[in-house]
Amino acid sequence: AQKVTQAQTEISVVEKEDVTLDCVYETRDTTYYLFWYKQPPSGELVFLIRRNSFDEQNEISGRYSWNFQKSTSSFNFTITASQVVDSAVYFCALSELGNSGYSTLTFGKGTMLLVSP
Amino acid sequence: EPEVTQTPSHQVTQMGQEVILRCVPISNHLYFYWYRQILGQKVEFLVSFYNNEISEKSEIFDDQFSVERPDGSNFTLKIRSTKLEDSAMYFCASSGSGRGMHEAFFGQGTRLTVV
């Protein structure tokens, strides 16, 4: 069975600090996908990144970067020079590729990030 | 930019009443989903829908729930007899304009409050 663990329930930082959100996953499949979503106070879910299990290259997008390590089943997310607008709940999610070409997401419990000025 | 649209944004209903939550997925997407998020908890999968039938459903998706794609654009979730514990944010999502894995794009959610 799939499982996603986000051990950090809440993180508080001061603006301009770097912050890393941890995500550890469990799956029996060799083919799977990992995601990060952002949920701001307004409630919607905003897609941030998708990563497949065969691509362990780290990715950087502006102030965001992701570190995928299959050896430790982790897919951590770092925000550099955090800003107040980064305050949100961040969800890590996992999906396994089904035979029909679709799959469903298993979400972690989320990490609430609070960035204060 | 294409987006998933959900209506209403907030619905209040009395226990035992039927509610229909509506979604308009992204137009060329083939896979549709409903997820639920009880306040302060994680997002949970309810059901996926492809080619006009349910592809997969979770244990949460019992007989009181049903989904339908009544026309070419809408995708609805019906809860027949609402219970207090159905109060949650319901997210519709769509993905995939072809075979393979695609990221799911979520609507802004419908907050259902059962009183």
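Overview of the structure.

Here we come to the overall build of chain A. The helix and strand inventory of chain A stands at 0 helices and 12 strands. The linear arrangement of helices and strands in chain A, starting from the amino end, is β-β-β-β-β-β-β-β-β-β-β-β. Seen along its three principal axes, the alpha-carbon backbone of chain A occupies a region of about 45 × 30 × 25 Å. Within the span of chain A, comprising 117 residues, buried residues form 47% of the whole. For chain A, the proportion of contacts with a sequence separation of at least 24, taken over those separated by at least 6, is 55%. Summed over all atoms, the accessible surface of chain A reaches about 5700 Å², with 48% contributed by carbon and sulfur. Averaging the positions of the 9 positive and the 13 negative side-chain charges in chain A gives two centres separated by 3 Å.

Moving on, we come to the nonpolar core. By size, the foremost hydrophobic cluster in this structure holds 24 residues, and its most contacted members are Trp36, Trp66, Phe77, Tyr90 and Leu113 of chain A. Elements supplying a minimum of two residues to this core: β2 (10-14), β3 (19-21), β5 (32-39), β6 (46-52), β8 (64-69), β9 (74-79), β10 (88-96) and β12 (111-116) of chain A. The greatest single-element share of this core, amounting to 4 residues, is contributed by β10 of chain A. Grouped together as the second largest cluster of nonpolar side chains are 21 residues, Val4, Phe61, Ile79 and Tyr90 of chain B included.

Residues and elements named next belong to chain B. Pairing geometry for strand β7 (residues 65-68) and strand β8 (residues 75-79), over 4 bridges, is antiparallel. Bridge assignment links Ser66 to a residue of β8, and that residue is Lys78. If you look at the hairpin formed by β7 and β8, you'll find 6 residues sitting between the two strands.

With that settled, consider the sheet that holds strand β1 (residues 5-7) of chain B. Residues and elements named next belong to chain B. One open sheet accounts for 4 strands, arranged β1-β3-β8-β7; its pairing is antiparallel. Across the chains shown, the open sheet's two edge strands, defined by having one partner strand only, are β1 and β7. Between one strand axis and the next, the sheet turns through 20° on average, direction left out of account. Both strand β3 (residues 19-24) and β8 contribute to a ladder of 5 bridges, which runs antiparallel. If you follow Leu21 over to β8, its bridge partner there is Leu77.

This part takes up the packing of aromatic side chains. Taken as a whole, this structure holds 26 aromatic pairs over all chains when the rule is applied. Ring geometry for Phe35 of chain A and Tyr37 of chain A: centres 6.2 Å apart, planes at 25°, overall stacked. Note on accessibility: Phe35 of chain A and Tyr37 of chain A belong to one class, buried. For the ring pair Phe49 of chain B and Phe75 of chain B, a centre distance of 5.2 Å and an interplane angle of 45° mean the geometry is tilted. Residue Phe49 of chain B is found in strand β5 (residues 43-50), and its partner Phe75 of chain B is found in strand β8; the two are separated by 26 residues along the sequence. The exposure class of Phe49 of chain B is buried, given its relative accessible area of 6%. Residue class for Phe75 of chain B comes out buried when judged on its relative accessible area of 0%.

What follows deals with the layout of surface pockets. Considered as a void within the structure, the largest pocket measures approximately 460 Å³ in volume. In terms of lining residues, the largest pocket is bounded by 25 residues, among which Gln39, Val89 and Met112 of chain A together with Gln37 and Gly40 of chain B are the most central. At 4 residues, the largest contribution of residues to the lining of the largest pocket is made by β12 of chain A. Of the residues belonging to the lining of the largest pocket, the class tally is 11 nonpolar, 10 polar and 4 charged. By volume, the second largest pocket is sized at about 320 Å³. Those elements that place two or more of their residues in the lining of the second largest pocket are β6 of chain A together with β10 (105-106) of chain B.

In this section: the pattern of salt bridges. Residues and elements named next belong to chain A. The final tally for this structure, using the stated rule, is 4 salt bridges over all chains. With its nearest N and O atoms 2.8 Å apart, the salt bridge here joins Arg63 to Asp86. Of this pair, Arg63 sits in the loop between β7 (59-61) and β8 while Asp86 is found in the loop between β9 and β10, placing the two residues 23 residues apart along the sequence. With a relative accessible area of 23%, Arg63 lands in the partly exposed category.

Cut-offs applied
- Residues numbered from 1 in each chain as written.
- Chains lettered and ligands numbered in written order.
- Predicted model: local features only at pLDDT ≥ 70, side-chain atom pairs only at ≥ 80, totals over all residues.
- Heavy atoms only, no water.
- Helix = DSSP H or I, 4+ residues; strand = E, 2+ residues; numbered from the N terminus.
- Buried < 20%, exposed > 50% of the residue type's maximum accessible area, 1.4 Å probe, protein only.
- Contact = heavy atoms within 4.5 Å.
- Areas by Shrake-Rupley, 256 points an atom, 1.4 Å probe, with all protein chains shown as cover.
- Lys, Arg positive; Asp, Glu negative; His and termini not counted.
- Charge placed at Lys NZ, Arg CZ, Asp CG, Glu CD.
- Core = buried A, V, L, I, M, F, W, Y, C linked by side-chain atoms within 4.5 Å.
- Pairing = 2+ DSSP bridges.
- Axes fitted to C-alpha atoms, helices over the stretch in contact; angles between N-to-C directions.
- Phe/Tyr/Trp six-rings, centres within 6.5 Å; stacked < 30°, edge-to-face > 60°.
- 1 Å grid on protein atoms, 1.4 Å probe; cavity = no way out; pocket = protein on both sides within 12 Å on 5 of 7 lines; lining within 4 Å.
- Points joined across faces, edges and corners; volume = space filled by probe spheres on them.
- Nonpolar A, V, L, I, M, F, W, Y, C, P; charged D, E, K, R; others polar.
- Salt bridge = Lys/Arg side-chain N within 4 Å of Asp/Glu carboxyl O.

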